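Remarks on the overall topology
As a plain string of letters, each chain reads:
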Amino acid sequence: MSEAERLLREALAWKREGRKVAIATVVTTWGSSPRPVGSMLVVDETGRMAGSVSGGCIEGAVVKEAKAVMEGAPPRLLDFGVTNEQAWEVGLACGGKVQVWVESLS
Amino acid sequence: MKLALVERLLAAREEGRPACLVRFLRSGEVALVVAGELVVGPDLPDGVLDAIREAHRRDRSTTIETAAGPLFLQVFSQPLRLIVVGAVHIAQALVPMAALAGYAVTLVDPRRGFATAERFPNVTLVDAWPDEAMESLAPDLRTAVVTLTHDPKLDDPALDVALRSEAFYIGALGSKRTHAARLERLSALGHGPAALARIHGPAGLDIGAVSPAEIAIAILAQMTQVLRREG
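Starting from 1, residues in each chain are numbered consecutively following that chain's sequence as written. Written order decides the labels, with chains lettered from A and ligands numbered from 1. A pLDDT threshold of at least 70 governs which residues receive local features in this predicted model, and a stricter bar of 80 or more applies before side-chain atom pairs are shown or counted, although totals over entire chains, interfaces and linings include all residues. Hydrogens and water molecules were not included; the side-chain quantities draw on all heavy atoms of the structure.

Focus: the interface of chain B and chain A
Pairs of residues are marked as contacts when any of their non-hydrogen atoms sit within 4.5 Å. At the interface, 21 residues of chain B touch 23 residues of chain A. Note: buried area is the sum, over both parts, of the accessible area (probe 1.4 Å) each one loses when the two are combined. Of the roughly 1,800 Å² buried where chain B meets chain A, counting both sides, 64% is carbon and sulfur surface. The salt bridge criterion pairs a side-chain nitrogen of Lys or Arg with a carboxyl oxygen of Asp or Glu, the two atoms within 4 Å. Along the contact surface separating chain B from chain A lie four salt bridges. Between B:Arg13 and A:Glu5 there is a salt bridge, with the nearest N and O atoms lying 3.2 Å from each other. At the level of secondary structure, the elements contributing two or more residues to the side of chain B that touches chain A comprise helix H1 (3–14), strand E1 (19–24), strand E4 (62–66) and strand E5 (69–76) of chain B. For helices the rule is a DSSP run of H or I covering at least 4 residues; for strands it is a run of E covering at least 2, with both sets numbered from the N terminus onward. Broken down by element, the residue count for the side of chain B that touches chain A peaks at seven residues, all from H1(B). When residues are sorted by character, Ala, Val, Leu, Ile, Met, Phe, Trp, Tyr, Cys and Pro go into the nonpolar class, Asp, Glu, Lys and Arg into the charged class, and all the rest, Gly among them, into the polar class. Residues of the side of chain B that touches chain A, tallied by class, amount to eleven nonpolar, five polar and five charged.

What to know about the sheet that holds E5(B)
What holds strands together in a sheet is hydrogen bonding between their backbones, with the strands either parallel or antiparallel. Residue and element names in this part refer to chain B. In spatial order, the strands read E3-E2-E1-E5-E4; together these five strands make up an open sheet with antiparallel pairing. Strands with a single pairing partner mark the edges of an open sheet, and in this sheet they are strand E3 (37–40) and E4. For this sheet, the mean inter-axis angle between neighbouring strands, taken without regard to orientation, is 30°. A pair of strands counts as paired when DSSP detects no fewer than two bridges linking them. Across three bridges, the pairing between strand E2 (residues 30–34) and E3 is antiparallel. Among the inter-strand pairings, Val33 is bridged to a residue of E3, identified as Leu38. Lines fitted to C-alpha atoms define the axes, with helix axes restricted to the stretch in contact, and inter-axis angles between N-to-C directions lie between 0 and 180 degrees.

What to know about the nonpolar core
Side chains that are nonpolar tend, in soluble globular proteins, to be buried together. Residue and element names in this part refer to chain B. In this structure, Leu82, Tyr103, Leu148 and Ile219 are the most contacted members of the largest nonpolar core, which totals 31 residues. Of all the elements in the fold, those that place two or more residues in this core are strand E6 (81–85), helix H3 (89–100), strand E7 (104–108), strand E9 (143–147) and helix H8 (212–228). Considering every element that reaches this core, the biggest residue donor is H8, with seven residues. Those residues in contact with Leu148, other than ones at most four positions away along the chain, are Val84, Val85, Gly86, Val88, Ile90, Ala91, Leu94, Asp155, Leu173 and Ile219. As used here, the term nonpolar core means buried Ala, Val, Leu, Ile, Met, Phe, Trp, Tyr and Cys residues forming a set that is joined through side-chain atoms within 4.5 Å. Using a 1.4 Å probe on the protein chains alone, a residue whose accessible area is under 20% of its type maximum counts as buried, one over 50% counts as exposed, and one in between counts as partly exposed.

Some details on the layout of surface pockets
Cavity and pocket criteria rest on a 1 Å grid covering protein atoms alone: a 1.4 Å probe that fits but cannot get out defines a cavity, protein on both sides within 12 Å along at least 5 of 7 lines defines an open pocket, and an atom within 4 Å of a point defines a lining residue. Grid points are joined across faces, edges and corners, and a volume is the space filled by probe spheres set on the points. The calculated volume of the largest pocket comes to roughly 500 Å³. Around the largest pocket, the lining is made up of 23 residues, and of these A:Ser2, A:Ala4, B:Asp59, B:Ser61 and B:Val75 lie nearest the centre. Secondary-structure elements contributing two or more residues to the lining of the largest pocket are helix H1 (3–16) of chain A together with E5 of chain B. In terms of residue count, H1(A) provides more of the lining of the largest pocket than any other element does, four residues in total. Looking at side-chain class alone, the lining of the largest pocket contains nine nonpolar, seven polar and seven charged residues.

Digging into the domain arrangement of chain B
Residue and element names in this part refer to chain B. Segmentation into domains, and thus their bounds, comes from an automatic or database assignment. Looking at the assigned domains, one finds that chain B contains domain 1 (3–76) and domain 2 (81–228). The gap between the C-alpha centroids of domain 1 and domain 2 is 31 Å. Listed by partner, the interface residues are six residues for domain 1 and seven residues for domain 2. In total, domain 1 and domain 2 occlude about 650 Å² of area from one another, counting both sides; carbon and sulfur atoms represent 38% of this. In terms of surface lost to domain 2, no three residues of domain 1 exceed Arg53, Arg57 and Arg58, which account for 76% of the buried area on that side. At the boundary of domain 1 and domain 2, one finds two salt bridges. Close ionic contact of Arg53 with Glu166 constitutes a salt bridge, the shortest N to O distance being 2.5 Å.

Rendered as structure tokens:
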């Protein structure tokens, strides 16, 4: 079973326990990015995580958005990279850029 | 994304079927495609099913531009497989090398004493006749087929089935002269020039390989090239 399948299984299990769940997925990468396209991070409303979308650089920001979508915000495409205005805060030290799709499991 | 859609995706994977999640990044909608057919979600723009097929072939998720805006194709692909026909000396090198490169390897040889667990530990052995074995193994677009026996009685039936499959790589060991004769026999079985051109023969990149291990490297390198670079 692939890592993505394992994480979707985990997301499903959390949801069935009655938790709120959001899924973040790397959809585009440029340059040297730590995790390949298709990498996933599953988050619940308490901030519990499974999987990853970076080496830890952007997880904090992704979890914040994940909580917003599980509270009803529409799915969002997040941009991270050194040229991004958020660079000082949550940029990728490796110099790569990534786009992450965040959606709720409902 | 809906719970029911994820359940259907995981069920398809348990049945061993390739699946693809399609995210419409503009609208936020999600579609599920299983084995090339849309099973849940909005209609897909033209060309998307072809792009999914190619993404599966490479096992590489990707974002594409379409009339409906950017779509993210997340593929859940079949494992890479290699079917080797002929439990010969070169197979003893090729089988473990291919396993290291991530292939699930099946070795087919009906001859007594060839495909034995002693000579080939840790690999699936099939002692059925190649046509029968190949029909049941059903090569798909994530499968490579390599024939090594040099014996038309064994190689030809395997190649016949491989040519009627979607196998991404078909290789046949043998000299140029052997290969020309082989193409004539397969042509007589009804395979046209386009089909016959799918066979890499003699199998392997031309790197001057001499020993069985070197020939195995040449074949595995060519499989990798077809998988990763072409198309």
